[in-house]
Amino acid sequence: VWGLKGVGSALGPDCMKHPLTIPGGTRQSPINIQWRDSVYDPFLKPLKISYDPATCLHIWNNGYSFLVEFDDSTDRSIIDGGPLENQYRLKQFHFHWGAINDWGSEHTVDCKFYPAELHLVHWNAVVYPTFEEAVMEGDGLAVIGVFLKLGARHEGLQTLVDALPAVKHKDTVIEFDVFDPSCLMPSCPDYWTYAGSLTTPPLTESVTWIIKKQPIEVDEDQLEAFRMLLFTSDGEEEKRMVDNFRPLQPLMNRTVRSSFQ
Ligand SMILES: NS(=O)(=O)c1c(F)c(F)c(S(=O)(=O)CCO)c(N[C@H]2CCc3ccccc32)c1F
Ligand SMILES: [Zn+2]
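Everything quoted here is computed from the prediction, not taken from an experiment.

Student: Residue-level account of the environment of Lys112, with values.
Tutor: Within the fold, Lys112 resides in the loop between strand E8 (108-109) and strand E9 (116-123). When its relative accessible area of 44% is taken as the criterion, Lys112 is described as partly exposed. Considering only alpha carbons, one finds Lys112 and Asn32, 80 residues apart in sequence, at a separation of 8.3 Å.

If you want it as structure tokens, here you go:
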């Protein structure tokens, strides 16, 4: 259901090819963010992020991406403010990336792909009793998207990169017990926000997307470390874990708001 893995051409305004939409879907993700069409909303608050590094549990290759999962049984790692009505609890973060640096992100900005994109998945534990229930509700999830661009080595990311060989194969997990994902946040507070969906099954329209304007820099070796992961389990014919992003989806009747002018 990840749809056609067409990478689409970033040329011209129509950088969406063969969008695979969910029947009846009106708020699917990812989308192209056309900077000039985004609307500044002065009522958007700064995003507040407070993560407790001790809530970090493990890294898991689940055959889609590699996830760093957190203990979300309390409100120790949360986000608040921004476009959100409630605080949301951090459940996991993961990445999407390409086989080469010309593409890899899920969202695009003015039809430009980044080589990778970080997603921090949070859920509304104020209103919903479990993550699984929040996944089914329009205000259930909040995902922060951070673009990765090729540049200087990212020291904070390196501790994660060093652990990746241990989760090379699908369904491998290793303990990862202290990591503060705020080290992966860009310094600039600016973001875009829009109502969207999960980009993997169940593709539910339950996500308030918060896409940071400023990318973080990572170096070629760090991107290559992502690309040596495998979609396949140990003993199966090896398939490199690359191009694990969903094609762009139609904006339909949505406005992308910006927290900046
Ligand atoms: N781009 S994204 O933010 O939409 C997104 C993913 F891209 C992605 F790969 C995953 S997953 O957990 O690896 C695969 C499960 O669908 C999730 N995980 C979520 C989605 C559904 C679900 C169910 C249980 C635990 C985590 C998740 C996700 F929210
Ligand atoms: Zn994602």
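Moving on from the model shown.
Student: Let's hear about the pattern of salt bridges: which residues, and what values?
Tutor: Tallied over the full model, the rule gives nine salt bridges. A salt bridge links Arg76 to Asp52; the shortest N-O distance between them is 3.7 Å. Linking Arg76 in the loop between strand E5 (66-70) and strand E6 (78-81) with Asp52 in the loop between strand E3 (47-50) and strand E4 (56-61), this pair joins segments that are 24 residues apart in sequence. Judged by relative accessible area, Arg76 falls into the partly exposed class, the value being 38%. One salt-bridge network, held together by shared partners, links Asp52, Asp71 and Arg76.

Student: For a negative patch on the surface, give the residues involved together with the corresponding values.
Tutor: Residues Glu85, Glu132, Glu133, Glu137 and Asp139 make up a contiguous surface patch of negative charge. Following the sequence through the fold, Glu132 ends up in helix H1 (residues 131-134).

Student: Mind laying out helix H2 (residues 155-163), listing which residues take part and the relevant values?
Tutor: Along H2, the residues classified as buried are Gly156, Leu157, Gln158, Leu160, Val161 and Ala163. Residues of H2 that are buried in the fold lie against E4, E5, strand E7 (88-97), strand E11 (172-175), strand E14 (216-218) and helix H3 (220-227).

Student: For the site of ligand 1, give the residues involved together with the corresponding values.
Tutor: In the region of ligand 1, 16 residues are neighbours, and Asn62, His96, Thr199, Thr200 and Pro201 sit closest. In the model, a nitrogen atom of ligand 1 is placed 3.3 Å from a nitrogen or oxygen of the His119 side chain. In the environment of ligand 1, an oxygen atom lies 2.7 Å from a nitrogen or oxygen atom belonging to the backbone of Pro201. In isolation ligand 1 exposes 540 Å². Once the protein is present, 86% of that is buried. Listed by contribution, the elements that provide at least two residues to the shell around ligand 1 are E7 and E9. Considering each element in turn, the shell around ligand 1 owes the most residues, four residues, to E7. Taken together, the residues of the shell around ligand 1 break down into seven nonpolar, seven polar and two charged.

Student: Lay out the coordination of the zinc ion (ligand 2) with the relevant residues and their values.
Tutor: The zinc ion (ligand 2) binds to the protein through His94 (NE2), His96 (NE2) and His119 (ND1), with metal-donor distances spanning 2.0 to 2.1 Å. The site at the zinc ion (ligand 2) holds four donor atoms, and with the angles between them running 98 to 118 degrees, its shape is tetrahedral. Here the donor residues for the zinc ion (ligand 2) map to a single chain with the spacing H-x1-H-x22-H. For His96, a relative accessible area of 1% puts it in the buried group.

Student: Describe in detail the confidence of the model for the protein chain, supporting the description with residues and values.
Tutor: Mean pLDDT over the protein chain works out to 93, with 92% of the residues at or above the 70 mark. Averaged over each element, pLDDT in the protein chain is lowest for H1 (97) and highest for strand E10 (residues 141-150) (99). For this predicted complex, the interface score ipTM comes out at 0.94, alongside a pTM of 0.93.

Student: Account for the side chain of Asp243, with residues named and values stated.
Tutor: Position of Asp243 relative to the elements: it lies in the loop between H3 and strand E15 (257-258). There is a polar contact of 2.7 Å between the side chain of Asp243 and the side chain of Trp103.

Student: Quick rundown of unusual backbone geometry? Include the residues and the values.
Tutor: Note that the residue after Ser29, namely Pro30, is joined by a cis bond; omega there is 0 degrees. Non-glycine residue Asp171 carries a positive phi angle of around 65 degrees. On the secondary structure map, Asp171 appears in the loop between H2 and E11. Even without being glycine, Asp243 reaches a positive phi, approximately 55 degrees. Judged by its relative accessible area of 16%, Asp243 falls in the buried class.

Student: Quick one: what's the story with the environment of Leu230, residue by residue and with numbers?
Tutor: Within the element layout of this structure, Leu230 appears in the loop between H3 and E15. Taking C-alpha positions, Leu230 is 6.5 Å from Lys170, a pair spaced 60 residues apart along the chain. Setting aside residues up to four positions removed in sequence, Leu230 forms contacts with Asn61, Lys168, His169, Lys170, Glu238, Lys239, Arg240 and Met241.

Cut-off values and rules
- Here, residues in each chain are numbered from 1, in the same order as that chain's written sequence.
- Think of it this way: whatever chain is written first is A, whatever ligand is written first is 1, and the rest follow in order.
- Since the coordinates come from a predicted model, pLDDT governs what is reported: local features require at least 70, and pairs of side-chain atoms require 80 or more to be given and counted, while whole-chain, interface and lining totals use all residues.
- In computing side-chain values, all of the structure's heavy atoms are included and hydrogens and water are not.
- Only runs of H or I of at least four residues qualify as helices and only runs of E of at least two qualify as strands under DSSP, and these elements are numbered from the N terminus.
- Burial classes: relative accessible area under 20% of the type maximum marks a residue as buried, over 50% as exposed, and values in between as partly exposed (1.4 Å probe, protein chains only).
- One side-chain nitrogen of Lys or Arg within 4 Å of one carboxyl oxygen of Asp or Glu is enough to make a salt bridge.
- Put simply, a patch holds well-exposed residues, over 30% relative accessible area, that have no salt bridge, with like charges counted together within 9 Å and Val, Leu, Ile, Met, Phe, Trp or Tyr side chains within 5 Å.
- Each accessible area is a Shrake-Rupley estimate made with a 1.4 Å probe; only the visible protein chains count as cover when residues are assessed.
- Within this scheme the basic residues Lys and Arg register as positive and the acidic residues Asp and Glu register as negative, but His and the chain ends are omitted.
- Note on charges: their place is set at NZ of Lys, CZ of Arg, CG of Asp or CD of Glu.
- Every residue pair with non-hydrogen atoms within 4.5 Å of one another is taken to be in contact.
- For each residue, the test is whether any non-hydrogen atom lies within 4 Å of the molecule or strand; if one does, the residue is near.
- Definition of a polar contact: a pair of N or O atoms within 3.5 Å, with one able to donate and the other able to accept a hydrogen when the atoms are protein atoms, and with sequence-neighbouring residues admitted only if both atoms are side-chain atoms.
- Side-chain classes follow a simple rule in which Ala, Val, Leu, Ile, Met, Phe, Trp, Tyr, Cys and Pro form the nonpolar group, Asp, Glu, Lys and Arg form the charged group, and the remainder, Gly included, forms the polar group.
- Because no water is among the atoms considered, metal sites can look incomplete, with donors defined as N, O and S atoms within 2.8 Å of the metal, or 3.2 Å for Na, K and Ca.
- Each label reflects the angles at the metal, where four donors whose angles all fall between 85 and 135 degrees are tetrahedral, four or six donors whose opposite pairs open beyond 155 degrees and whose other angles stay between 65 and 115 are square planar or octahedral respectively, and the rest are irregular.
- Every residue is assigned a pLDDT by the predictor, reflecting its confidence on a scale from 0 to 100.

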